[in-house]
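Given next are the chains, with one letter for each unit.
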Amino acid sequence: MAPHDAVEVITAKRDKGELSDSQIDWVIAAYTRGDVADEQMSSLAMSILLNGMVPREIARWTAAMIASGERMDFSALSRPTADKHSTGGVGDKITLPLAPLVAACGVAVPQLSGRGLGHTGGTLDKLESIPGWRATLSNEEMFAQLESVGAVICAAGDGLAPADKKLYALRDVTGTVEAIPLIASSIMSKKIAEGTGALVLDVKVGTGAFMKDVARARELAETMVGLGTNAGVNTVALLTDMNTPLGLTAGNAIEVVESIEVLQGGGPADVVELTLALAREMLTAAGVTDVDPAGKLADGSAMDVWRAMINAQGGDPEAALPVARESHVVTSPSTGTLTRLDAMAVGLAAWRLGAGRARKEDPVQAGAGVVWHARPGDRVTQGEPLFTLLTDEPERFDRALESLESGFDIGEGTFTAPDLIIDRID
Ligand code: URA
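What counts, and at which threshold
- Residues numbered from 1 in each chain as written.
- Predicted model: local features only at pLDDT ≥ 70, side-chain atom pairs only at ≥ 80, totals over all residues.
- Heavy atoms only, no water.
- Helix = DSSP H or I, 4+ residues; strand = E, 2+ residues; numbered from the N terminus.
- Rg over C-alpha atoms; globule rule 2.2 N^0.38 Å.
- Buried < 20%, exposed > 50% of the residue type's maximum accessible area, 1.4 Å probe, protein only.
- Contact = heavy atoms within 4.5 Å.
- Lys, Arg positive; Asp, Glu negative; His and termini not counted.
- Charge placed at Lys NZ, Arg CZ, Asp CG, Glu CD.
- Phe/Tyr/Trp six-rings, centres within 6.5 Å; stacked < 30°, edge-to-face > 60°.
- Lys NZ or Arg CZ within 6 Å of the ring centre and 35° of its normal.
- Domains from an automatic or database assignment.
- Buried area = accessible area lost by both parts, 1.4 Å probe.
- Salt bridge = Lys/Arg side-chain N within 4 Å of Asp/Glu carboxyl O.
- Polar contact = N/O pair within 3.5 Å; in protein donor to acceptor, adjacent residues only side chain to side chain.
- Nonpolar A, V, L, I, M, F, W, Y, C, P; charged D, E, K, R; others polar.
- Axes fitted to C-alpha atoms, helices over the stretch in contact; angles between N-to-C directions.
- Parallel < 35°, antiparallel > 145°, perpendicular 65-115°, else oblique.
- Pairing = 2+ DSSP bridges.
- Near = heavy atom within 4 Å.
- Areas by Shrake-Rupley, 256 points an atom, 1.4 Å probe, with all protein chains shown as cover.
- Left-handed = near helix turned anticlockwise from the far one by under 90°.

## A few points about the overall build of the protein
Then step 1. For the protein, the helix and strand inventory stands at 16 helices and 13 strands.
Then step 2. By the compact-globule yardstick of 22 Å for 426 residues, the protein fits well, its C-alpha radius of gyration being 22 Å.
Then step 3. The principal-axis extent of the C-alpha atoms belonging to the protein is close to 70 × 45 × 35 Å.
Then step 4. Across the 426 residues in the protein, those meeting the buried criterion constitute 55%.
Then step 5. Of the contacts made within the protein by residues no fewer than 6 positions apart, 79% connect residues no fewer than 24 positions apart.
Then step 6. Counting 36 positive and 58 negative side-chain charges, the protein places the averaged centre of each group 3 Å from the other.

As structure tokens, this is what we get:
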């Protein structure tokens with residue numbers, strides 16, 4: 001006979017109790033096998049959202065999700081490993097320049113990424129705009145590429161934390177995504193199972209992020225850093241601003257273009273700043289302290305790793321990228337200083353133009369997205385371009401325009417944008 005039953009576990013949490021290690025191990029394993037039904041797990045997830053979990057429960061829940069699948073091991077590689085995880089934002093293309101940059105500095109990057117859902121973009125969607133590039137690698141291919149190139153960005157295989165795959169899909173449709181214990185254990189179970197030696201978390205805060213306020217973002221970051229450290233992964237977190245979208249583009253191919261500009265030593269200042277800050281954290285966490293990543297952008301070696309990384313996964317780094325069939329320019333309604341550009345408004349517009357998907361099985365348009373021609377603090381002139389909207393389907397323009405209408409402010413005088421990096425947690 002099973003040591004527990006689902007109703008006993010649900011009612012314990014419903015009544016604000018702490019779940020025992022044995023209850024947690026059982027409920028995760030039984031749910032993965034299909035012995036606990038979706039409606040039972042969704043009731044438990046809602047009880048966790050409402051009543052929380054203590055650190056011991058979160059650690060055990062994470063360990064049980066890791067144990068539901070395989071664990072990768074890169075300890076036989078000739079160099080140390082470090083990975084980065086972002087909680088998701090608008091225009092967040094940082095993984096693209098960051099992985100080859102860190103590899104160029106001597107640390108291998110096994111980056112398992114996802115596809116976008118809702119208004120935030122997905123790294124794999126962006127890379128799939130490169131002709132020929134493939135996201136799926138076997139574990140052996142991943143290991144070989146890490147040894148030869150030093151960086152891999154690919155899809156997580158089905159064997160990694162299958163309990164999370166099932167639970168995340170359920171949370172998505174039951175209003176239970178926002179629980180900090182569930183977010184922290186979901187992210188960290190995948191990262192710990194992936195086998196990285198060091199991990200840097202980019203926890204986004206602001207209108208375009210999961211976490212709208214700094215206090216909740218800090219709580220999430222502290223919870224994840226604690227889980228990583230206790231599992232033997234050297235983990236640090238940066239809290240970074242996501243009230244304003246990153247860079248000057250949100251979409252797929254257009255974000256690849258912007259990332260290549262960074263790898264060529266140019267690109268928007270905020271993208272360069274965050275890429276370098278995260279690179280320094282990853283290198284330090286992996287024990288490499290004598291290499292300056294800025295030099296590797298300037299001397300072209302990060303770009304060389306990018307080309308090798310794209311090539312190794314079947315992509316042509318020199319191929320022309322897809323361009324949207326239609327464009328629409330929005331001009332500035334007045335002259336002054338741009339004082340606000342709202343990440344959520346831009347993300348929603350890019351999504352409505354076809355850069356993102358509503359359901360996980362939907363396709364995305366490679367060329368769709370939003371380009372903005374000014375960032376907060378820049379001067380803008382009435383009648384000059386403020387946004388360029390891109391899509392293959394012009395009937396999408398109206399809904400995207402609606403989203404941008406209240407997404408920016410133009411004021412008088414000067415304006416200093418708030419700091420991009422808000423805090424560091426280790
Ligand atoms: N990303 C994840 O992988 N899991 C969550 O729960 C939220 C964001």
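There's plenty left to go through after this.
## Focus on the packing of aromatic side chains
Then step 1. Applying the stated criterion to the full structure yields two aromatic pairs.
Then step 2. Summarising the aromatic geometry, the rings of F74 and F143 are spaced 6.2 Å apart at their centres and angled 25° between planes, so their arrangement reads as stacked. Taken as a pair, F74 in the loop between α4 (55-67) and β1 (82-86) and F143 in helix α7 (residues 139-148) lie far apart in primary sequence, 69 residues in all.
Then step 3. You can call F74 buried: its relative accessible area is 5%.
Then step 4. Overall, F143 belongs to the partly exposed group, its relative accessible area being 27%.
Then step 5. For K190, the ring lying beneath its charged end belongs to Y168, and the centroid distance is 5.6 Å.

## Things to note about the domain arrangement of the protein
It is common to give the size of an interface as the accessible area that goes away when the parts come together.
Then step 1. Split by domain assignment, the protein resolves into domain 1 (6-52) and domain 2 (53-426).
Then step 2. Here the C-alpha centre of domain 2 lies 31 Å away from the C-alpha centre of domain 1.
Then step 3. Contacts between the two partners involve 23 residues from domain 1 and, on the opposite side, 21 residues from domain 2.
Then step 4. Summed over both partners, the interface of domain 1 with domain 2 comes to about 1900 Å²; 69% of that surface belongs to carbon and sulfur atoms.
Then step 5. Of all residues in domain 1, I28, Y31 and I48 give up the largest surface area on contact with domain 2, accounting jointly for 27% of the area buried on that side.
Then step 6. Counting across the domain 1 and domain 2 interface gives five salt bridges.
Then step 7. Inspection of the region where domain 1 meets domain 2 yields eight residue pairs in polar contact (both at pLDDT 80 or more).
Then step 8. No other element matches the nine residues that helix α3 (residues 38-51) contributes to the side of domain 1 that touches domain 2.
Then step 9. Of the residues belonging to the side of domain 1 that touches domain 2, the class tally is 11 nonpolar, seven polar and five charged.

## Describing the packing of helix α11 (residues 253-263) against helix α14 (residues 301-312)
Then step 1. Between α11 and α14, the least distance of the axes is 8 Å, while the angle of their chain directions is 140°. Classified by the angle their axes make, α11 and α14 are oblique. Only A302, M303 and W306 of α14 make contact with α11, whose side of the interface consists of V256, I260 and L263.
Then step 2. Here the contact of α11 with α14 is composed, by residue class, of six nonpolar, no polar and no charged.

## Points about the sheet that holds strand β4 (residues 198-205)
Note: strands within a sheet are paired through backbone hydrogen bonds, in either parallel or antiparallel orientation.
Then step 1. An order of β1-β4-β5-β13 is seen for the four strands of this open sheet, with the pairing classed as mixed. The open sheet is flanked by β1 and β13 (421-425), the only strands paired with a single partner. In this sheet, neighbouring strand axes are inclined to one another by 20° on average, regardless of whether the strands run parallel or antiparallel.
Then step 2. Where strand β5 (residues 234-241) meets β13, four bridges bridge the pair, whose relative direction is antiparallel. Bridge pairing links L238 to R424 in β13.
Then step 3. Packed on one face of the sheet, helix α10 (residues 214-230) meets β4, β5 and β13 and runs near 165° to β5.

## Side note on the site of the ligand
Then step 1. Taken together, Y168, R171, I183, S186, I187, K190 and F210 make up the full set of residues near the ligand.
Then step 2. Contact distances for the ligand include 2.9 Å between an oxygen atom and a side-chain N or O atom of R171.
Then step 3. S186 places a side-chain nitrogen or oxygen 2.6 Å from a nitrogen atom of the ligand.
Then step 4. In isolation the ligand has 240 Å² of accessible area, and contact with the protein removes 90% of it.
Then step 5. When residues of the shell around the ligand are traced back to their parent elements, those giving at least two are α8 (162-172) and α9 (180-194).
Then step 6. The dominant element in the shell around the ligand, judged by the number of residues it contributes, is α9, at four residues.
Then step 7. A class-by-class count of the residues in the shell around the ligand yields four nonpolar, one polar and two charged.

## Here's the deal with the packing of α8 against α9
Then step 1. α9 packs onto α8 with a crossing angle of 145° between their chain directions and a minimal axis gap of 11 Å. For the crossing formed where α8 meets α9, the hand is left-handed. Residue-level inspection shows D164, Y168 and R171 of α8 in contact with α9, the latter providing L182, I183, S186, S189 and K190.

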